Amino acid sequence: MEIRYKSTRGDGTLISASQAVLQGLAPDGGLYVPDAIPSLDTPLQDLAEMEYKEIAYLVMSKYLSDYTEAELKECIEKAYDSKFDTDQIAPVVLKGQAYYMELFHGATIAFKDMALSILPHLLTKAAQKNKITDEIVILTATSGDTGKAALAGFADVEGTKIAVFYPKGGVSRIQELQMVTQKGDNTFVAGVRGNFDDAQTGVKKMFNDTRLKQELKERGFRFSSANSINIGRLVPQIAYYVWAYSRLVKDGTVKAGDKINFVVPTGNFGNILAGYYAKLMGLPVHKLICASNDNKVLYDFFRTGIYNRNREFILTTSPSMDILISSNLERLIFKVCAFSPEQNRQYMKELAEKGVYTLTLNQIAQLEDFVPGYADEKEDAQEIRQMYEETGYVMDPHTAVASAVYRKYLKETEDTTPAVIVSTASPYKFARSVMTAIDPAYDQMDDFALIEELRKTSKIPVPNAIREILDAQIRHDHVCGIDEMEAAVKGFLKV
Ligand SMILES: *Cc1c(COP(=O)(O)O)cnc(C)c1O
């Protein structure tokens, strides 16, 4: 079956997978979605014998129809190699009452590596396939982790340049250092005086600016996106849900065909949407538990059917989830609107103009695969401490949001379905929040002393990604206003 892609806001025009990867966002401002969901036709029992890369190929080949087997396998080999500190790529470990799927063993120690170590290869292959000779300019807004993972993926990749915007003051110290020390002549990093939503809106505006696009085209540049709106990020993420299931079959926790739950710490709705696609493909998933922090716009949405971003933006210790406009939700909205671009456009217009839209009862009824939950700052810190005291396992604050939500879910539902908590970052990335959750006295120490304390506490070796930045030079110190992002990009491209 050949899968093609159409925009959630368009006229139904279909394009190939490689064209969708190249475009990132559709010209009409919509997101690309597959025109059908392929089914997972391999017997589930067989998955237990496969390695990560084999499952990645199995899943991705179904969606990326116009890539040849050789092309796709080459991309997978280049992505999931020794940049990861374990052959397992994404270890699934039992701690306390749930399994934790650790997606943070890649180059930048956050789950964004799962997709961003392969996206540059998918993109350069897509350019070749479509005979694109323009230089590709990746524009990215980051709530902290995408930026570094995208920079690491694209640094010195021929035929590409990458510009990253992060909310100045809205990311952790380690996250910021990881970005501003990035090497590579084709990289640019700027702090924006605003929050993540401001940065994301600024980037989307540049994407949708036809005059700017034309101007850059004349200079031999074209924009693409490394944000999770790109299907080249979404598709690789589906693979690890299938992988997690295969591990539970392998170790005998479930029999092939039994259902499992996933708990996903959610921000832009990219990670959990990939889990939903896995379920639609036929993976036996019971519930997708959508875990939010204090910015609980999704929690309210799943409970009421009202998406309302008119609220205070709260800076938390899980900054990669500090988001009020979850871009990827649009793909789910499009589905519950029976794929009506008119209805979807209407909702997105209401969101842009009034900050709120309300689904119909019939549409709300289609959201039952998702169970919302949230954990506030106190519950999050409590969860880190409790897990450490009970099991010795040290979690980062994002994973802890999911873990705390799962604890509440178990209490409320007594649902005994085996659960996989999707672990999205290494505790080293958020050493201060993690250590002060364990004992507030640690707050007196500097960042680097905390890393040493974390090493002693967690008994996990200090990852490369952290050792690298300890004495690296700051190479990017650009800070700009929301209105100056375009000028910053032009300055970087020297146009
Ligand atoms: C990006 C990120 C998230 C949120 O993922 P979405 O796909 O945006 O929902 C959660 N935790 C960490 C550590 C992240 O980097």
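Here, the structure is the one placed above.
Residues numbered from 1 in each chain as written. Predicted model: local features only at pLDDT ≥ 70, side-chain atom pairs only at ≥ 80, totals over all residues. Heavy atoms only, no water.

### Structural notes on the sheet that holds strand 15 (residues 478-481)
Note the following rule: In this description, strands pair whenever DSSP reports at least two bridges between them. Helix and strand assignments follow DSSP, with helices taken as H or I runs no shorter than four residues and strands as E runs no shorter than two, numbered in order from the N terminus. In this analysis an axis means a line fitted to C-alpha atoms, helices contributing only their contacting stretch, and an angle means the value between N-to-C directions, from 0 to 180 degrees. Residue contacts are counted whenever heavy atoms from the two residues lie within 4.5 Å of one another.
Spatial ordering of the open sheet is given by 8-5-6-7-15, a layout of five strands whose pairing is parallel. With partners counted over all chains shown, the strands left at the sheet margins are strand 8 (221-225) and strand 15, one partner each. Each strand of the sheet is rotated relative to its neighbour by a mean of 30 degrees, with strand direction disregarded. Packed on one face of the sheet, helix 8 (residues 173-180) meets strand 6 (160-167) and strand 7 (187-193) and runs near 155 degrees to strand 6.

### Digging into helix 17 (residues 377-391)
Defined as follows: Helix span, expected: 1.5 Å multiplied by one less than the number of residues in the helix. The buried label applies to any residue whose accessible area, calculated with a 1.4 Å probe on protein chains only, is under 20% of its type's maximum; exposed applies above 50%, and partly exposed to all values in between. In this description, one arc is meant: the one made by directions from the helix axis to the C-beta atoms. A 3.5 Å cut-off defines polar contacts: any pair of N or O atoms within that distance qualifies, except that in protein one atom must be a possible hydrogen donor and the other a possible acceptor, and neighbouring residues in sequence count only when both atoms are side-chain atoms.
Its 15 residues give helix 17 an end-to-end C-alpha distance of 21 Å, which sits within 8% of 21 Å, the value for a rise of 1.5 Å per residue. For helix 17, the full list of buried residues reads Asp380, Glu383, Ile384 and Met387. Viewed end-on, helix 17 has its buried residues packed into an arc of 95 degrees, placing them on one side of the element. Residues of helix 17 that are exposed and point over 90 degrees away from its buried face: Lys378, Glu389 and Glu390. At the N-terminal boundary of helix 17, the capping side chain belongs to Asp376, with an oxygen 3.1 Å from the backbone nitrogen of Lys378. Positive phi appears at Gly392, one or two residues downstream of helix 17, with a value of about 80 degrees.

### A short note on the site of the ligand
This is how it is decided: One heavy atom within 4 Å of a molecule or strand is enough for the residue carrying it to be called near that molecule or strand. With residues, only the protein chains shown are counted as cover, and all accessible areas are computed by Shrake-Rupley using a 1.4 Å probe.
As a matter of local geometry, the ligand sits amid 15 residues, with Lys112, Asp145, Gly267, Asn268 and Asn271 nearest to it. Taking Asp145, its side chain carries an N or O atom lying 2.5 Å from an oxygen atom of the ligand. Within the side chain of Thr424, an N or O atom sits 2.9 Å from a nitrogen atom of the ligand. With the chains in place, 98% of the 390 Å² that the ligand exposes on its own is no longer accessible.

### Description of the sheet that holds strand 13 (residues 370-374)
Within the open sheet, the six strands sit side by side as 3-4-14-9-10-13. Their pairing is mixed. If you trace the sheet from one side to the other, it starts and ends with strand 3 (92-95) and strand 13, each paired once. For this sheet the average axis-to-axis angle between neighbouring strands, irrespective of direction, equals 25 degrees. In this structure, strand 4 (residues 98-102) lies alongside strand 14 (residues 419-423), joined through four bridges in parallel fashion. For Met101, the partnering residue across the bridge sits in strand 14 and is Val422. Of the strands in this sheet, strand 4, strand 9 (260-265), strand 10 (285-292), strand 13 and strand 14 are in contact with helix 18 (residues 397-413), which crosses strand 10 at around 120 degrees.

### Quick word on the environment of Tyr5
As for its position among the elements, Tyr5 is in strand 1 (residues 5-7). Taking the C-alpha atoms as reference points, Tyr5 and Lys287, separated by 282 residues in sequence, lie 27 Å from one another. At 2.8 Å, the side chain of Tyr5 and the backbone oxygen of Tyr63 are in polar contact.

### Focus on the packing of helix 7 (residues 145-154) against helix 8
Our working definition: Any angle from 65 to 115 degrees is called roughly perpendicular, while one under 35 is roughly parallel, one over 145 is roughly antiparallel, and all others are oblique. Handedness of a crossing is defined here by the sense of rotation of the near helix relative to the far one, left-handed for an anticlockwise turn of less than a right angle and right-handed for a clockwise turn. For this scheme, ten residues count as nonpolar: Ala, Val, Leu, Ile, Met, Phe, Trp, Tyr, Cys and Pro. Four count as charged, namely Asp, Glu, Lys and Arg, and the remainder, Gly too, count as polar.
At a closest axis distance of 9 Å, the pairing of helix 7 and helix 8 adopts a crossing angle of 25 degrees. In terms of orientation, helix 7 lies roughly parallel with respect to helix 8. Like other packed secondary-structure pairs, helix 7 and helix 8 cross with a definite hand, here left-handed. Residues Asp145, Gly147, Lys148 and Leu151 of helix 7 pack against Gln175, Gln178 and Met179 of helix 8. In the contact of helix 7 with helix 8, the residues fall into two nonpolar, three polar and two charged.

### Considering the nonpolar core
As a reminder of what qualifies: Nonpolar cores are built from buried Ala, Val, Leu, Ile, Met, Phe, Trp, Tyr and Cys residues. Side-chain atoms within 4.5 Å join them into one set.
Counting residues in each nonpolar core, the largest one holds 111 residues, and the members touching the most others are Tyr5, Leu64, Met101 and Phe262. Take this core: its biggest share by element is 13 residues, from helix 11 (residues 231-250). In this structure Met101 touches Ala90, Pro91, Val92, Tyr240, Trp243, Ala244, Phe262, Val420, Ile421, Val422 and Ser423, once residues within four positions along its chain are discounted. Ala404, Tyr406, Tyr409 and Ile421 belong to the second largest nonpolar core, which has 43 residues in total.

### Re the packing of aromatic side chains
The condition is simple: Two aromatic rings, drawn from Phe, Tyr or Trp (for Trp, its six-membered ring), form a pair once their centres lie within 6.5 Å of each other, and the interplanar angle then sorts them: stacked below 30 degrees, edge-to-face above 60, tilted otherwise. Charges are assigned to positions over rings by a cutoff of 6 Å between ring centre and Lys NZ or Arg CZ, combined with an angular limit of 35 degrees from the ring normal.
Within this structure, the stated rule accounts for 20 aromatic pairs. With centroids separated by 4.8 Å and ring planes inclined at 75 degrees, the aromatic side chains of Tyr241 and Phe262 adopt a geometry described as edge-to-face. Separated by 21 residues along the polypeptide, Tyr241 in helix 11 and Phe262 in strand 9 bring together distant segments of the chain. Per residue, the accessibility class of Tyr241 equals that of Phe262, and both read buried. Between Phe269 and Phe370, the aromatic rings sit 5.7 Å apart at their centres with planes inclined by 40 degrees, giving tilted as the arrangement. One end of the pair, Phe269, is in the loop between strand 9 and helix 12 (270-280); the other, Phe370, is in strand 13, with 101 residues separating them in the sequence. Members of the aromatic cluster, connected to one another through ring pairs, are Phe269, Tyr276, Phe301, Phe302, Tyr307, Tyr347, Tyr357 and Phe370. We note Lys73 situated over the ring of Tyr57; from NZ or CZ to the ring centre the distance is 4.7 Å.

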